[in-house]
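# Fold and contact review
Listed below, chain by chain, are the residues.
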Amino acid sequence: MAITAVILAGGRSSRMGRNKALLPIGGIPVIEKLVKELSQVTETVLIAGGPKETYSYLEAEMISDTFPGAGPLAGLHAGLKAAATTWSVVVACDMPFAGREAVRWLAERTLQAEKEGKEAVIPVVEGREQPLLAAYRRSVLPGLERTLKEGQLKLTRWTEGLKADYPDGAAMARAAGIPAERIPFNMNRPEDYRQALAWAESPPGEEV
Ligand SMILES: Nc1nc2c(ncn2[C@@H]2O[C@H](COP(=O)(O)OP(=O)(O)OP(=O)(O)O)[C@@H](O)[C@H]2O)c(=O)[nH]1
């Protein structure tokens, strides 16, 4: 599909205590798993932020933030700026189950969003908006750049100002064939990593 995947991989991983993107899931670093999955359903995979030399073996293009240290919004900005497609899907590097079906589902939603003049598709999974597993139109860039220049770094404050579609993520979960809560699950702390490992080993639908 003519869409770019942007994997956000900057940040400090301070709560985890080590680079989250390199945590093994199913025997490979989570970022490698994401690159493999997302490259099956997108035109290009970009990695925004993180140590370039460490990720050079991956089949993805690496992008540096224009606003270093400014958090996920800076990664989103760098990714959208480098993307050659009108729409990009953004995925945080610490979401081990945000796989190809979820991204394909989001990419399909952008077709309708485009017709309706929307500039973002932000799924709502179990009542929570997921701006780090979402699709954005390149046209958000000038506003995003202004926001970053003003030093406003809060993601949800920025997304509030977008013309966004907020589809129910239950359908995304059905498409992916895994429980909804797992899809945007992200690993911030060591206990989250343990939970992800347990889920990775359990068959879909089986609660751990
Ligand atoms: N490119 C880029 N990505 C970032 C930046 N900050 C965070 N991210 C990514 O955004 C996602 C969410 O980040 P967080 O988990 O909130 O922050 P973190 O700094 O990685 O982790 P903590 O230090 O524990 O807060 C992750 O995929 C990060 O890799 C940044 O400054 N630049």
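Calculation rules
Within each chain, residues carry numbers counting from 1 in the order of the written sequence. Local features in a predicted model are, by the rule used here, given only for residues with pLDDT of at least 70; side-chain atom pairs are given and counted only at 80 or more, and totals for whole chains, interfaces and linings are based on all residues. Computation of side-chain values covers all heavy atoms of the structure but excludes hydrogens and water. Burial classification: accessible surface area is computed with a 1.4 Å probe over protein chains only, and a residue below 20% of its type maximum counts as buried, one above 50% as exposed, and the rest as partly exposed. Note on conventions: DSSP H or I runs of at least 4 residues are helices, E runs of at least 2 residues are strands, and numbering of each starts at the N terminus. Pairing between strands is defined by DSSP: at least two bridges between them are needed. Pairing of aromatic side chains here covers Phe, Tyr and the six-membered ring of Trp, requires ring centres within 6.5 Å, and sorts the geometry by plane angle: under 30 degrees stacked, over 60 edge-to-face, intermediate tilted.

This brings us to the pairing of strand β1 (residues 4-8). Most of β1 sits inside the fold, with five of its five residues counted as buried. Because side chains alternate across β1, one face comprises the buried residues T4, V6 and L8, and the other comprises A5 and I7, equally buried. Two elements, β1 and strand β4 (residues 44-48), share five bridges in a ladder whose sense is parallel. Each residue of the ladder has a partner; that of I7, found in β4, is I47. Across five bridges, β1 lies against strand β6 (residues 87-92) in parallel orientation. Within β6, the residue paired with L8 across the bridge is A92.

Here the focus is the packing of aromatic side chains. Summed over the entire model, instances satisfying the criterion amount to three aromatic pairs. Measuring from ring centre to ring centre gives 4.8 Å for F185 and W199, while their planes differ by 75 degrees; the resulting arrangement is edge-to-face. One end of the pair, F185, is in the loop between α7 (170-176) and α8 (190-201); the other, W199, is in helix α8, and 14 residues separate them in sequence. No difference in accessibility class separates F185 from W199, as the two residues are buried. Members of the aromatic cluster, joined through ring pairs, are F97, F185 and W199.

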